[in-house]
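Results of the structural survey
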Amino acid sequence: GQAAPAPAPLAPARPERDIAVVESALAAIRDDIGDCKRCRLCEGRTKIVFGQGSAGAELMFVGEAPGADEDASGLAFVGRAGQLLTDMIEKGMRMQRADVFIANVIKCRPPGNRPPENDEVSTCQPFLEAQIKAIQPRAIVALGATASKFMAKSGDPISRLRGRFSSWDGIPVMPTYHPAYLLRNPAAKKEVWADLRLVMDVLGMRSE
């Protein structure tokens, strides 16, 4: 009979890890950030948004920067875009939001939600890199242009980056549109769902 098409390569298995060790590594990163004054964003922020979720997460979401709701609460993705992200994870991917880890490239809100400047990204990026290293997710979804260009190490527009895996230290990264963009352009949800299905495939989850 016909040979079945080759499946998408599975994300690498992770070595067994002690979750308490990962949690203490994350706590140490948060301590290192402290009451951060390393860039100008400290002047206007209310709270540092470290990111939250499971230290044992197999899947990590990386966004751009906190917005007003996040700045007020200190939690990542809690506004309308965050609600849509929760639906994407729970209704779409059939995972619990509490089982993934969600963080941003930038930990403080830029004034007026403007995109982060390059020097702000380079000042803050070691903290995200340390979070990824501590958690060692099996796959990462980059949400929106800033996170996608950073995670894919590319200057291409998000419309070119999405739907194709790149790699971060051997971890498959899927760039896709930001939930805030989907609130303005609901027709793009179809493309994001296609991207998330590819992520489910590399995690070995059925995405029927």
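Right, let's walk through the structure included here. (Residues numbered from 1 in each chain as written. Predicted model: local features only at pLDDT ≥ 70, side-chain atom pairs only at ≥ 80, totals over all residues. Heavy atoms only, no water.)

Looking only at helices and strands, one finds 8 helices and 6 strands in the chain. Ordered by position from the N terminus, the helices and strands of the chain form the series α-β-β-α-α-β-α-β-α-α-β-β-α-α. For the chain, the residues scored as buried account for 47% of the 208 residues in total. Considering only residue pairs separated by 6 or more positions, the chain has 70% of its internal contacts joining residues 24 or more positions apart. Between the mean site of the 27 positive side-chain charges and the mean site of the 25 negative ones, the chain shows a separation of 4 Å. (Helix = DSSP H or I, 4+ residues; strand = E, 2+ residues; numbered from the N terminus. Buried < 20%, exposed > 50% of the residue type's maximum accessible area, 1.4 Å probe, protein only. Contact = heavy atoms within 4.5 Å. Lys, Arg positive; Asp, Glu negative; His and termini not counted. Charge placed at Lys NZ, Arg CZ, Asp CG, Glu CD.)

Here we come to the sheet that holds strand β1 (residues 52-53). Within a sheet, adjacent strands bond to each other through the backbone by hydrogen bonds, running parallel or antiparallel. The 6 strands are arranged β1-β3-β2-β4-β6-β5 in an open sheet whose pairing can be described as mixed. At either margin of the open sheet sits one strand with a lone partner, and together these are β1 and β5 (166-168). (Pairing = 2+ DSSP bridges.)

So, on to the packing of helix α1 (residues 19-33) against helix α4 (residues 118-135). Contact geometry of α1 with α4 gives a least axis separation of 9 Å together with a crossing angle of 170°. The pairing of α1 with α4 is recorded here as roughly antiparallel in orientation. Listed contacts from α4 to Val22, Ala25, Leu26, Ile29, Asp32 and Ile33 of α1 are Phe127, Ala130, Gln131, Ala134 and Ile135. Along the lines of polarity and charge, the residues of the contact of α1 with α4 split into 9 nonpolar, 1 polar and 1 charged. (Axes fitted to C-alpha atoms, helices over the stretch in contact; angles between N-to-C directions. Parallel < 35°, antiparallel > 145°, perpendicular 65-115°, else oblique. Nonpolar A, V, L, I, M, F, W, Y, C, P; charged D, E, K, R; others polar.)

This next bit is on the packing of aromatic side chains. Inspection of every chain in the model, using the stated rule, returns 2 aromatic pairs. Ring geometry for Phe150 against Trp168: centres 5.4 Å apart, planes inclined by 40°, an arrangement best described as tilted. Of this pair, Phe150 sits in helix α5 (residues 145-152) while Trp168 sits in strand β5; the two residues are 18 residues apart in sequence, bridging distant segments of the chain. For the pair Phe150 and Trp168, one class covers both residues: buried. (Phe/Tyr/Trp six-rings, centres within 6.5 Å; stacked < 30°, edge-to-face > 60°.)

The next subject is α5. For α5, the buried fraction is high: 6 of the 8 residues fall into the buried class. Residues Thr146, Ala147, Ser148, Phe150, Met151 and Ala152 constitute the buried set of α5. Residues of α5 that are buried sit in contact with β2 (59-63), α4, β4 (139-143), α6 (158-161), β5 and β6 (171-176). Immediately downstream of α5, the backbone of Lys153 shows phi near 50°, a positive value.

On to the packing of helix α3 (residues 80-92) against helix α8 (residues 189-202), then. Two numbers describe how α3 lies on α8: the axes approach to 11 Å, and their chain directions differ by 50°. Comparing their axes, α8 and α3 come out oblique. Note on packing geometry: the crossing formed by α3 with α8 is right-handed. Every residue of α8 that contacts α3 at Leu84, Met88 and Gly92 is listed here: Lys189, Val192, Trp193, Leu196 and Met200. (Left-handed = near helix turned anticlockwise from the far one by under 90°.)

We now examine the side chain of Arg138. Turning to its location among the elements, Arg138 is positioned in the loop between α4 and β4. Of note is the side chain of Arg138, whose polar atom sits 3.0 Å from the backbone oxygen of Ala11. Beyond its immediate sequence surroundings of up to four residues, Arg138 is in contact with Ala11, Pro12, Ala13, Arg14, Glu58, Ile171, Pro172, Val202 and Leu203. (Polar contact = N/O pair within 3.5 Å; in protein donor to acceptor, adjacent residues only side chain to side chain.)

Nonpolar side chains in soluble globular proteins tend to end up buried together. Grouped together as the largest cluster of nonpolar side chains are 33 residues, with contacts concentrated most on Leu26, Met60, Leu128 and Met151. Within the residue set of this core, elements represented by two or more residues are α1, β2, β3 (101-104), α4, β4, α5 and β6. The dominant element in this core, judged by the number of residues it contributes, is α4, at 7 residues. Beyond its immediate chain neighbours, meaning those up to four positions away, Met151 contacts Val62, Leu128, Ile132, Ile140, Ala142, Ser166, Ser167, Trp168 and Val173. Met93, Val100, Ile102 and Val199 belong to the second largest nonpolar core, which has 28 residues in total. (Core = buried A, V, L, I, M, F, W, Y, C linked by side-chain atoms within 4.5 Å.)

Shape descriptors only; they carry no functional weight alone.
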